[in-house]
Amino acid sequence: MSDFQMADHPHRRYNPLTREWILVSPHRAKRPWQGQTEEPAVEKQPEYDPNCYLCPGNERAGGKARNPRYTETFVFDNDFAALLSDTPSGNVDGQGLLVAHSERGICRVICFSPRHDLTLPRMEVTAIQRVIDVWAEQYEDIGSKPLIRYVQIFENKGAMMGCSNPHPHGQIWSNEYLPTEPAKELTSLTEHWQEKHSCLLCDYLHLEDLLQERIVCENEHFVVLVPFWATWPFETMILSRRHVGIIPALSSEERLSLAEILRRLTTRYDNLFRTSFPYSMGWHQSPTDGTPHEEWHLHAHFYPPLLRSATVKKFMVGYEMLGMPQRDITAETSADQLRKLSETHYLDAG
Ligand code: H2U
Ligand code: ZN
């Protein structure tokens, strides 16, 4: 009989979505939880910043455009887009070693609110629902263009994540070819669908429901969990309970549930280290390549960099760059910590 315990012994865990492994070294995290609670950084923003290129009525960087006096959300074409829709097509192939393809696409920016000082956890649920409606509209609008085979909606939050502006906003990058991460997921979801006649993420969610070890919070339509194979210390996934592939397929009741769970998750995140929690998050929706994609299951990934406090982040360096990703604290312990947190924001709790 094996004495192996995931809570105690070094092991590798398999990510069935990407088919990659991560190293877990729980014996290194045995020191008791230090729960360093620094005084929240004074990062109070004004409701309106005359120098912000995303605030209503302001001029954007470069001076080529001015924002309307929007009152809810506002979407515009990225002034410094990474992909352009009129790039000439062409290929380079130097003996299979110097390979390049031209790539066309559309990039947009979404302002979540006219208020410069808000973030998702500080917004009203109905205002977050409006953001979800915009995500749905944008996925449909951009995804319906024959040029576009994949629409990536995401948010970079916090200077630590390279976000240039605290004004609450997200981005959309969409392009002709499936990017690397969704391409890995497509392969796994498709093979599982064909071999098991079921959805990989529905099956996974069923297991997590039974085990109750990694679920952080949930409501009728959505579950937030720390995935078994998480690499970032407080990485989470939002999974829809219903097998749907895209945000536009969500009913208005489900969108309200999603707004609620987004607010609850991001509040827990802020409360963890009593700071406006940085992260990169994004939606994996089915490709827009004209095929049905029954195998696809709508989900969001949250990748936060923080490890131990508002300032101590995890570095993916050294062995992670050269070998494989590694973590000390287990996914179960992280889920436990996130689960124990209040859903009242620390700034409201006094
Ligand atoms: P970050 O929040 O991740 O820094 O992204 C902001 C995006 O906004 C970035 O892609 C765009 C940048 O190109 N942007 C504009 O389109 N117009 C501006 O006036 C400034 C920033
Ligand atoms: Zn602003």
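The structure this text deals with has already been given above.
Residues numbered from 1 in each chain as written. Chains lettered and ligands numbered in written order. Predicted model: local features only at pLDDT ≥ 70, side-chain atom pairs only at ≥ 80, totals over all residues. Heavy atoms only, no water.

Just checking my understanding: could you explain the environment of G143 for this structure?
Summarising the element assignment, G143 is placed in helix α1 (residues 125-143). For the pair formed by G143 and D8, sequence separation is 135 residues and the distance between their alpha carbons is 46 Å. Filtering out sequence-adjacent residues up to four positions away, G143 remains in contact with Q138, I148, V151 and T288. (Helix = DSSP H or I, 4+ residues; strand = E, 2+ residues; numbered from the N terminus. Contact = heavy atoms within 4.5 Å.)

Which parts of the structure should I look at to understand the sheet that holds strand β1 (residues 11-15)?
In a beta sheet, neighbouring strands are held together by backbone hydrogen bonds and run either parallel or antiparallel to one another. Across the sheet, three strands lie side by side as β1-β2-β14; this open sheet has mixed pairing. Strand pairing shows two members of the sheet lacking a second neighbour, β1 and β14 (326-327), which therefore form its edges. (Pairing = 2+ DSSP bridges.)

Could you clarify how one ought to interpret the pairing of strand β5 (residues 98-101) in this entry?
The two faces of a sheet get side chains in turn, since along a regular strand they alternate between them. Judged from the four bridges that link them, strand β4 (residues 91-94) and β5 form a sheet pairing that is antiparallel. When the bridges of β5 are listed, N91 appears paired with H101. Joining the antiparallel neighbours β4 and β5 is a turn of three residues, in which Q95 adopts a positive phi near 55°.

Is there a simple way to explain the pattern of salt bridges in this structure?
Two side chains carrying opposite charge are able to pair once their charged atoms lie near each other. A full pass over the atoms with the stated rule returns 30 salt bridges. Of the charged contacts in the structure, one is a salt bridge between R264 and E343, with a shortest N-O distance of 2.8 Å. Residue R264 is located in helix α4 (residues 252-273), and its partner E343 is located in the loop between α6 (331-340) and α7 (346-349); the two are separated by 79 residues in the primary sequence. Residue D336 is joined to K340 by a salt bridge in which the shortest nitrogen-to-oxygen separation is 3.2 Å. Within this pair, D336 and its partner K340 are both found in helix α6, separated by four residues, close to a single helical turn. Judged by relative accessible area, D336 falls into the partly exposed class, the value being 30%. A cluster of three or more residues bridged by salt bridges with shared partners is formed by R13, E208, E213, R214 and E332. (Salt bridge = Lys/Arg side-chain N within 4 Å of Asp/Glu carboxyl O. Buried < 20%, exposed > 50% of the residue type's maximum accessible area, 1.4 Å probe, protein only.)

How do you make sense of the packing of helix α2 (residues 180-196) against helix α3 (residues 200-211) when you look at a structure like this?
In a pair of packed helices, the angle between the axes and the distance between the axes together describe the arrangement. Running from N to C, α2 and α3 cross one another at 85°; their axes reach a closest spacing of 8 Å. Between α2 and α3, the crossing angle belongs to the class labelled roughly perpendicular. Within the contact between the two elements, α2 uses S188, L189 and H192 and α3 uses L200, L201 and D203. By residue class, the composition of the contact of α2 with α3 is three nonpolar, two polar and one charged. (Axes fitted to C-alpha atoms, helices over the stretch in contact; angles between N-to-C directions. Parallel < 35°, antiparallel > 145°, perpendicular 65-115°, else oblique. Nonpolar A, V, L, I, M, F, W, Y, C, P; charged D, E, K, R; others polar.)

Sorry if this is basic, but what is going on with the side chain of R255 here?
Structurally, R255 can be placed in helix α4. A residue is classified by how much of its surface remains accessible, and R255, at 14% relative accessible area, is buried. At 2.8 Å, the side chain of R255 and the side chain of D133 are in polar contact. Discounting residues that sit within four places of it in the chain, R255 has contacts with Q129, I132, D133, A136, I247, P248 and L250. (Polar contact = N/O pair within 3.5 Å; in protein donor to acceptor, adjacent residues only side chain to side chain.)

Is there a simple way to think about the coordination of the zinc ion (ligand 2) in this case?
Geometry reference: four tetrahedral donors at a metal, ideal angle 109.5 degrees. Six octahedral donors, ideal angles 90 or 180 degrees. Protein-derived coordination of the zinc ion (ligand 2) comes from C52 (SG), C55 (SG), H116 (ND1) and H167 (ND1), at a distance range of 2.0 to 2.3 Å. Sequence spacing of the donor residues for the zinc ion (ligand 2), all on one chain, is C-x2-C-x60-H-x50-H. Remark: H116 occurs in the loop between β6 (105-111) and α1 and C52 occurs in the loop between β2 (20-24) and β3 (74-77); sequence separation between them is 64 residues. Residue C52 shares its accessibility class with H116, and that shared class is buried. (Donors = N, O, S within 2.8 Å, 3.2 Å for Na, K, Ca; no water.)

Please explain the nonpolar core as it appears in this structure.
Counting residues in hydrophobic clusters, the biggest one holds 51 residues, and the most contacted among them are W135, I238, L258 and W283. If we ignore the near neighbours within four places in the chain, the residues touching I238 are F222, V223, V224, L258, I261, L262, L265, L298, H299, A300 and F302. (Core = buried A, V, L, I, M, F, W, Y, C linked by side-chain atoms within 4.5 Å.)

Got a minute to help me understand the site of ligand 1 in this structure?
Residues in contact with ligand 1 amount to 14 residues; listed here are only the nearest, A61, N78, D79, S164 and H169. The separation between an oxygen atom of ligand 1 and a polar side-chain atom of N78 is 2.7 Å. Q171 places a side-chain nitrogen or oxygen 2.8 Å from an oxygen atom of ligand 1. Relative to its free-state accessible area of 470 Å², ligand 1 is covered by the protein chains to the extent of 88%. In terms of residue class, the shell around ligand 1 is built from six nonpolar, six polar and two charged. (Near = heavy atom within 4 Å. Areas by Shrake-Rupley, 256 points an atom, 1.4 Å probe, with all protein chains shown as cover.)

It is not clear to me how α2 should be interpreted in this structure. Could you clarify?
For an α-helix, 3.6 residues make a turn, and residues three or four places apart therefore share a direction. Helix length check: α2, at 17 residues, gives a terminal C-alpha distance of 24 Å against a target of 24 Å (1.5 Å per residue), a fit within 8%. Looking at the buried positions of α2, the neighbouring elements they touch are β7 (150-157), α3, β12 (279-284) and β13 (299-303). Residue H197 follows α2 closely and has a positive phi angle near 55°. (Expected span 1.5 Å × (residues − 1).)

Any chance you could explain the sheet that holds strand β10 (residues 222-225) here in plain terms?
Read across the sheet, nine strands follow the order β3-β6-β8-β7-β12-β13-β11-β10-β9 without closing on themselves; strand pairing throughout is antiparallel. Both edges of this open sheet fall to β3 and β9 (215-218), since each of them pairs with a single strand only. For this sheet, the mean inter-axis angle between neighbouring strands, taken without regard to orientation, is 20°. Sheet topology places β6 next to strand β8 (residues 169-175); seven bridges connect them, and they run antiparallel. Bridge pairing in β8 places V109 opposite Q171. Where α2 meets the sheet, it contacts β7, β12 and β13, and its direction lies at approximately 45° from that of β12. Each of β9, β10, β11 (236-240) and β13 is contacted by α3, which is oriented at about 110° to β11, the strand it contacts most.

Honestly, it's all geometry; don't read function into it.
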